[in-house]
Amino acid sequence: MSSGDERDGGRGEGAPPEQLALIRESVRKAGVPRAKPRTWRGAALAKELPVARVLVDKGVLHLDRYFDYAVPEELDAEAQPGVRVRVRFGAGRGRVRDGRREGGGLIDGFLVERVAETDYSGPLAALAQVVSPEPVLSEELLGLARAVADRYAGSLADVLQLAVPPRSARAEQRPSPAPLPPPAAPEVGSWARYEHGGAFLEALAGGGVPRAVWNALPGSEWSEEIARAVGAALASGRGALVVVPDGRAVARVDAALTALLGEGRHAVLTADAGPEKRYREWLAVRRGAVRAVVGTRAAMFAPVRDLGLVVLWDDGDDSHSEPHAPQPHAREVLLLRAAQDKCGFLLGSWSCTVEAAQLVESGWARPLVASREQVRGAAPLVRTVGDGDLARDEAARAARLPTLAWQAVRDGLRQGPVLVQVPRRGYVPRMACANCRAPARCRNCSGPLEGQEAGAGGGFEGALRCGWCGQEEGAWHCAECGGFRLRAQVVGARRTAEELGRAFPAVPVRTSGREHVLDTVPGAPALVVSTPGAEPVAEGGYAAALLLDGWAMLGRPDLRAGEDALRRWIAAAALVRPQVAGGTVVVVAEPTLRPVQALVRWDPVGHAVRELSERAELGFPPVSRMAAVSGPPEGVAAFLGAVELPGEAEVLGPVPLPVTAVRGARRVGAPPVGERWERALIRVPPGRGAALAAALKAAQAARMARGGAGGEVAVRVRVDPPDIG
DNA sequence: AGCACGCCGACT
DNA sequence: GTCGGCGTGCTC
């Protein structure tokens, strides 16, 4: 028998395939019972539920559905839902040899379901192998992965690659420890500092599902507070999951959990643990041996049993954004999880993102905040130095450091360590007149002129280029004072830090940055120079902090520039002693700017609420939902022509993407160097995000299926693009 | 993606 | 007759 005959007899008689598909469809609709599986001759099948629905592990969108395979009798026992399998999957009809079908290669997949019948009209291939009997893909995890794939217009297989760690046979063989009985509900502890803090814990311990956006008071108790929330969820007999931005934060929560609950109640899931250890911990969670998890973003999918609480710390940190397709954000994944598992939700930060504010504004989550008196008692004094002050400040011109900042550092060093926050290297330096500090602007479009990375000596190298229109500037001179010397603000800040070190020779200088991140520093006087996000915790808190990266942070043409600046400032300032204990923060930035004012008043929530209402007015995310389509101009145009968008959708652009030829600033999804790409944004009103994602996915699938053959030029689709100018 | 099927022109 | 180039469509 020829396989061609079996597949679809009659193809040769001239009916076009789409017509055949229609006939098949109508036959199925007419109620013809699903077929008993037909297989290639020779295979003895499982007696019960002989069909396995398999998700093949290929991220391609047009394969984003289940394929039916026959379950051979000898695999019957092991071929349970959730196990990893290998199947033959390949093109064409394959060949039949020895009664077995050969053809495509063996590929990995997950067995999703066992059913009695198939609705596939052809003969089924048999499962080639059950990789291991460990059911790694539970119904809950599958549901979550599906929801994430739908939310982000991505494929299920891509999401599962993020959600299920690679197998390690050795890890599987080891038995997981026996689960401990639920602990007693923890004391309220420092949650008492927050209005409704006690009630939140009580609700969790009592089996409730409270949802809160928590604005944490400055200081280092946040990890302990998270541990108490986890303890409360465990006390109710449920599990808990904590996702934090980086390994340092994991270590803190890990320590707090151990201190509160002892050993053995929680697992730590981080990428840098090594594959075997990571899988072992993951398995302990899946098997229910451990009921609580703390980890970095990959842990957002951790298969915690009977989830009672999900916690996310500092959702504004961009490491919560997964770089792999379909690039889901931990906050959104945990929101989907909370909805799906009907569990408690805690989103905590020293600052507040617009998205967090929206959760409160919409009524989905309650605010968990401290009173103004509590805030005043915990926050340091914040003072500003703006351009006007600098211009008036003779000493600042000479010493390149405002008098106020100088005094704060000097006074602080008498009491303890002083933190100096400088911009990260690799930021595109903003250029300003070295003489009068006026920003250097493009003569074509008034955009900001940017330089290449400055050399170690602090000098400025390479061509100037406009950050907006990309035009090069060869012969700049200052429109304000006629000066022709430029300085990069980044360089200015670094040099200032160096000069501070020389000015206080008796004091040790310690640095913390990308290469070398310090975890803590002692409480003795020291200058601690750090880039944003790498600030060590000081024992007893810093006496003072100097925030020198105002221009670099606020100058970026990004929707989030203000929120981001405030978040980084607050994260540094939260490590400083309270004002009542002499803690002082000096920020070198214009005091009239909104994020600067929010820092002075220590009101990140108010800032986020105002940003949110502005975004709503302008139709920006997260109020509207957006997706970006980028690629070569022909590809973007073809995609926009083919996609069937929901009626309310609005297409912005396409516009040329800036040719980001800046070294070190490479981003996922950026065009290859030298290629001219365009990007269109698609916007839909609130509530239409799912429809938009579905439309994008369908269009992308159709194009991928045609592949290179149809001459389709590939485009990238990204839901929630992070960098909307 | 990969790969087999099949239609059509060229060669034994 | 039959070999193989490439255009098309499918993968249980």
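Residues numbered from 1 in each chain as written. Chains lettered and ligands numbered in written order. Predicted model: local features only at pLDDT ≥ 70, side-chain atom pairs only at ≥ 80, totals over all residues. Heavy atoms only, no water.

1. Some details on the sheet that holds strand 13 (residues 344-349)
Taken in spatial order, the 7 strands line up as 10-11-9-12-13-8-14 in an open sheet, and their pairing is parallel. Strand pairing shows two members of the sheet lacking a second neighbour, strand 10 (266-269) and strand 14 (366-368), which therefore form its edges. Geometrically, the sheet is characterised by an average inter-axis angle of 15 degrees between neighbouring strands, direction not taken into account. As paired elements, strand 9 (residues 239-243) and strand 11 (residues 292-295) share 4 bridges and run parallel to each other. (Pairing = 2+ DSSP bridges. Helix = DSSP H or I, 4+ residues; strand = E, 2+ residues; numbered from the N terminus. Axes fitted to C-alpha atoms, helices over the stretch in contact; angles between N-to-C directions.)

2. Quick word on the pattern of salt bridges
Under the counting rule described, the total for this entry stands at 35 salt bridges. The partner of Arg 297 in a salt bridge is Glu 322, and the shortest N-O contact between them spans 3.0 Å. Of this pair, Arg 297 sits in the loop between strand 11 and strand 12 (307-313) while Glu 322 sits in the loop between strand 12 and helix 10 (330-341); the two residues are 25 residues apart in sequence, bridging distant segments of the chain. Residue classification places Arg 297 among the partly exposed residues on the basis of a relative accessible area of 25%. On the basis of relative accessibility, which here comes to 5%, the residue Glu 322 falls in the buried class. Across the pair Asp 314 and Arg 567 runs a salt bridge whose closest N-O atoms are separated by 3.3 Å. (Salt bridge = Lys/Arg side-chain N within 4 Å of Asp/Glu carboxyl O. Buried < 20%, exposed > 50% of the residue type's maximum accessible area, 1.4 Å probe, protein only.)

3. Description of unusual backbone geometry
In this chain, Pro 621 is followed by Pro 622 through a cis amide linkage whose omega measures 5 degrees. That bond from Gly 653 to Pro 654 is cis: its omega, 5 degrees, falls within 30 degrees of zero. For Pro 654, the position within the fold is in strand 29 (residues 650-656). Non-glycine residue Leu 49 carries a positive phi angle of around 40 degrees. Residues other than glycine seldom take positive phi values, yet Ala 153 does so here, at roughly 55 degrees. Inspection of the secondary structure puts Ala 153 in the loop between helix 3 (139-151) and helix 4 (156-163).

4. Re the packing of aromatic side chains
Enumeration over the complete set of coordinates arrives at 11 aromatic pairs. Their ring planes at 75 degrees and their centres at 5.0 Å tell us that Phe 67 and Phe 89 sit as a pair that is edge-to-face. Of the two residues, Phe 67 is situated in strand 2 (residues 66-70) and Phe 89 in strand 3 (residues 84-89); the sequence distance between them amounts to 22 residues. Three or more aromatic residues joined by ring pairs make a cluster, and in this case those are Trp 191, Tyr 194, Phe 200, Trp 214, Trp 222, Trp 313 and Trp 350. (Phe/Tyr/Trp six-rings, centres within 6.5 Å; stacked < 30°, edge-to-face > 60°.)

5. Quick look at empty space enclosed by the protein
Applying the stated criterion across every chain, the model contains 7 cavities of 30 Å³ or more. In this structure, the second largest cavity occupies an estimated 80 Å³ of space. What lines the second largest cavity is a set of 13 residues, and nearest its centre among them are Leu 269, Arg 278, Trp 282, Ala 298 and Ala 299. Every element with two or more residues in the lining of the second largest cavity is listed here: helix 4 and helix 9 (275-286). In terms of residue class, the lining of the second largest cavity is built from 10 nonpolar, 2 polar and 1 charged. (1 Å grid on protein atoms, 1.4 Å probe; cavity = no way out; pocket = protein on both sides within 12 Å on 5 of 7 lines; lining within 4 Å. Points joined across faces, edges and corners; volume = space filled by probe spheres on them. Nonpolar A, V, L, I, M, F, W, Y, C, P; charged D, E, K, R; others polar.)

6. Let's talk about the sheet that holds strand 31 (residues 716-719)
Read from one edge of the open sheet, 4 strands run 29-30-28-31, paired in antiparallel fashion. This sheet does not close on itself; its edge strands, each paired only once, are strand 29 and strand 31. On average, each strand axis in the sheet is tilted by 20 degrees relative to the strand beside it, whichever way the strands run. As paired strands, strand 28 (residues 625-631) and strand 31 are joined by 4 bridges and run antiparallel to one another.

7. Concerning the UniProt feature "binding site: Zn(2+) 2" (unreviewed entry) in chain A
When the UniProt feature table is mapped onto this chain numbering, "binding site: Zn(2+) 2" (unreviewed entry) sits at Cys 442, Cys 445, Cys 466 and Cys 469. Its place among the elements puts Cys 442 in the loop between strand 17 (431-433) and strand 18 (449-450). (UniProt positions renumbered as here; feature names shortened; annotations may be inferred.)

8. Notes on the packing of helix 3 against helix 4
It is at 9 Å that the axes of helix 3 and helix 4 come closest, and there the two elements cross at 125 degrees. By the angle class used here, helix 3 and helix 4 are oblique. Considering only the axes of helix 3 and helix 4, their crossing is right-handed. Packed against helix 3, whose contacting residues are Leu 141, Leu 142, Ala 145, Arg 146, Val 148 and Ala 149, the element helix 4 presents Leu 156, Val 159, Leu 160 and Ala 163 at the interface. (Parallel < 35°, antiparallel > 145°, perpendicular 65-115°, else oblique. Left-handed = near helix turned anticlockwise from the far one by under 90°. Contact = heavy atoms within 4.5 Å.)

9. With respect to the pairing of strand 1 (residues 51-56)
Buried residues dominate strand 1, accounting for 6 of its 6 residues. Burial along strand 1 is two-sided: the face carrying Val 51, Arg 53 and Leu 55 and the face carrying Ala 52, Val 54 and Val 56 are both buried. Sheet analysis places strand 1 next to strand 2, joined by 5 bridges and oriented antiparallel. Note that in strand 2 the partner of Val 51 across the bridge is Ala 70. As paired elements, strand 1 and strand 6 (residues 105-115) share 6 bridges and run antiparallel to each other. Within the sheet, the bridge partner assigned to Val 56 lies in strand 6 and is Gly 109.

10. Comments concerning helix 9
Compared with the 16 Å implied by 1.5 Å per residue over 12 residues, the 16 Å span of helix 9 between its first and last C-alpha is a close match. Among all positions in helix 9, only Tyr 279, Trp 282, Leu 283, Ala 284, Val 285 and Arg 286 are buried. Contacts from the buried residues of helix 9 go to strand 3, helix 3, helix 4, helix 5 (169-173), strand 10 and strand 11. (Expected span 1.5 Å × (residues − 1).)

11. A few points about the environment of Leu 419
Following the sequence through the fold, Leu 419 ends up in strand 16 (residues 418-421). Separated by 10 residues in sequence, Leu 419 and Val 409 have C-alpha atoms that sit 8.7 Å apart. Apart from residues lying up to four places away in sequence, Leu 419 is in contact with Val 528, Ser 530, Glu 535, Tyr 542, Ala 544, Ala 545, Leu 546 and Ala 572.

12. Description of helix 20 (residues 604-618)
Helix length check: helix 20 (15 residues) gives 21 Å between terminal C-alpha atoms against 21 Å at 1.5 Å per residue, within 8%. Pro 604, Gly 606, His 607, Ala 608, Glu 611, Leu 612 and Arg 615 are the residues of helix 20 that are buried. In this structure, the buried residues of helix 20 make contact with strand 8 (211-215), helix 11 (354-361), helix 18 (561-573) and helix 19 (594-601). Directly after helix 20, the chain includes Gly 619, whose backbone phi takes a positive value near 70 degrees.

13. Section: the side chain of Arg 151
As for its placement among the helices and strands, Arg 151 is situated in helix 3. A relative accessible area of 11% places Arg 151 in the buried class. Excluding residues within four positions of it along the chain, Arg 151 makes contact with Glu 332, Leu 336, Arg 625, Ala 693, Val 719 and Asp 720.

14. Here's the deal with the packing of helix 19 against helix 20
As a packed pair, helix 19 and helix 20 sit with axes 10 Å apart at the nearest point and diverge in direction by 150 degrees. Considered as vectors, helix 19 and helix 20 are oriented roughly antiparallel to each other. Residue-level contacts link Arg 594, Pro 595, Ala 598 and Arg 601 of helix 19 to His 607, Arg 610, Glu 611 and Glu 614 of helix 20. Split into classes, the residues belonging to the contact of helix 19 with helix 20 amount to 2 nonpolar, 1 polar and 5 charged.

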